[in-house]
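Residues per chain are reported as follows:
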There are 2 protein chains.
Amino acid sequence: MSTAEETAGGEEPWAEVGPEAARRLLVAAVEAFAERGYHATTTRDIAGRAGMSPAALYIHYKTKEELLHRISRIGHEKALEILETAADGPGTPSERLAAAVRSFVRWHAGHHTTARVVQYELDALGAGHREGIVELRRRSDDAVRRIINDGVGTGEFDVPYVPGTALAVLSLCIDVARWFNVEGRSTPDEVGAFYADLVLRMVSARK
Amino acid sequence: MSTAEETAGGEEPWAEVGPEAARRLLVAAVEAFAERGYHATTTRDIAGRAGMSPAALYIHYKTKEELLHRISRIGHEKALEILETAADGPGTPSERLAAAVRSFVRWHAGHHTTARVVQYELDALGAGHREGIVELRRRSDDAVRRIINDGVGTGEFDVPYVPGTALAVLSLCIDVARWFNVEGRSTPDEVGAFYADLVLRMVSARK
């Protein structure tokens, strides 16, 4: 994860990880996986990037897959927290949907390197770990469906198929991590605001 | 690329590649890159998957990067062809935008393995090759902007910012390759039709 990414994103997603050496190794793993892919990265590469020995890495993580799982879990928990905060927060369905999109996009733009690893390396997780991650994804999906269903219920939204619309909304936001460029024209906040408007159009929100 | 992928997508994207051995190597490279990532794949892996020797591979491709470039070029040319056909075709802007989204989504769902390699391994292209690919992407972007601008011109669409909207439309369609599952509920055609409707909402198309 580059300094540019941290600056753009605001908060530091690994702040909760301790001790400091474990945190440094996680940041190094994100960088290495993003640059070369999970399978081309060795624990030796990761330890080297963190300025540590392979033996020091094994104190904190038994396997490379454990590092990926830790990254994936933190990323997915953050995504779920963002979406549930908006889904269960105050405001009309339009306001809650706009809030969800704004903060979900902001996270994917600000932490695009982490988000890419989280999204593109799912197949590399072990079966046991994957199950827990799939459950977090199901709950994220659910949070968005809940907001859209509320809007359909109040007559504020007009949507032909709620599950497909929820999937498309999440997909649009997640793909920001693929194309977002810190040197580009727009800030994470600007993309978030623009996308909130696009998504309200997708659900034909009553103005 | 799995058989399932070929079936779902209809046409075979490598039909134009010859001779047969060169085509087989390309299909093997797509599979290997998708499974393990570009950097973790060797030319020996690719030759092995194609049932050939490394020496036989070098008759057709001098480097692994040449294989990736060939895949990327074919994928990007196909995308451009789909979008320009719709942009320059007959019909109202709404009809042309819907046609573009339908066929672009169909391609990304039907050829999701290829599309993932094409989209996620751009950084692995050599600088010279990347330049040509960036130009193809610029023209694809242009085709979508052209349709949206036409709709704004006729008053059929209401869009606050055309370049951002064109980017979001392409992004929504491209991300289908990430989540599409051949064992899922929807066919590529169904996703294409559903997405065409979503995108017409995004541009507030007059009904």
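1. Considering the overall build of chain A
Phase 1: Secondary structure assignment for chain A yields 11 helices and 0 strands.
Phase 2: Its C-alpha radius of gyration of 18 Å places chain A within 12% of the 17 Å reference for a compact globule of 207 residues.
Phase 3: For chain A, the residues scored as buried account for 45% of the 207 residues in total.
Phase 4: The contacts in chain A between residues at least 6 apart in sequence include a share of 72% that link residues at least 24 apart.

2. A short note on the relation of the copies chain B and chain A
Phase 1: Turning chain B through 180° and shifting it by 0.0 Å along the axis lays it on chain A, with an RMSD of 0.0 Å. Expressed as a symmetry operation, the mapping of one chain copy onto the other fits a two-fold axis. Within chain B, alanine 40 of chain B has its C-alpha nearest the rotation axis, a separation of 2.1 Å.
Phase 2: When the interface residues of chain B are mapped onto chain A, 100% of them again fall at the interface, so both copies present the same face.

3. What to know about helix α6 (residues 93-110) of chain B
Phase 1: For α6 of chain B, built from 18 residues, the straight-helix expectation of 26 Å at 1.5 Å per residue is met to within 8% by its first-to-last C-alpha distance of 25 Å.
Phase 2: Within α6 of chain B, 17 of the 18 residues are buried, leaving the element largely enclosed by the surrounding structure.

4. A short note on the interface of chain B and chain A
Phase 1: Across the boundary between the two partners, chain B contributes 23 residues, which contact 23 residues of chain A.
Phase 2: Listing elements by their share of the side of chain B that touches chain A, those giving two or more residues are α7 (112-120), α9 (162-174), α10 (176-179) and α11 (188-202) of chain B.
Phase 3: By residue number, the principal contributor to the side of chain B that touches chain A is α9 of chain B, which donates 6 residues.
Phase 4: Classifying every residue of the side of chain B that touches chain A by side-chain character gives 13 nonpolar, 6 polar and 4 charged.

5. Brief notes about helix α2 (residues 20-36) of chain A
Every α-helical turn comprises 3.6 residues, leaving residues that sit three or four positions apart pointing alike.
Residues and elements named next belong to chain A.
Phase 1: Along its 17 residues, α2 runs 24 Å from first to last C-alpha, staying within 8% of the 24 Å computed at 1.5 Å per residue.
Phase 2: Here α2 has its buried residues at Leu25, Leu26, Val27, Ala28, Ala29, Val30, Glu31, Ala32, Phe33 and Ala34.
Phase 3: Positioned one or two residues after α2, glycine 37 has a phi angle of 90°, which is positive.

6. Comments concerning the confidence of the model for chain A
Residues and elements named next belong to chain A.
Phase 1: Across chain A, the average pLDDT comes to 93, with 94% of residues at 70 or higher.
Phase 2: Within the model, pLDDT remains below 50 along residues 6-10, and this stretch shows 10 contacts once partners closer than five positions in the same chain are excluded.
Phase 3: With a pTM of 0.93, the predicted complex shows an ipTM of 0.92.

The rules behind the values
- Residues numbered from 1 in each chain as written.
- Chains lettered and ligands numbered in written order.
- Predicted model: local features only at pLDDT ≥ 70, side-chain atom pairs only at ≥ 80, totals over all residues.
- Helix = DSSP H or I, 4+ residues; strand = E, 2+ residues; numbered from the N terminus.
- Rg over C-alpha atoms; globule rule 2.2 N^0.38 Å.
- Buried ≥ 20, exposed ≤ 12 C-beta atoms within 10 Å, placed from the backbone.
- Contact = placed C-beta atoms within 7 Å.
- Least-squares fit on C-alpha atoms with pLDDT ≥ 70 in both.
- Expected span 1.5 Å × (residues − 1).
- Nonpolar A, V, L, I, M, F, W, Y, C, P; charged D, E, K, R; others polar.
- pLDDT = per-residue confidence, 0-100.

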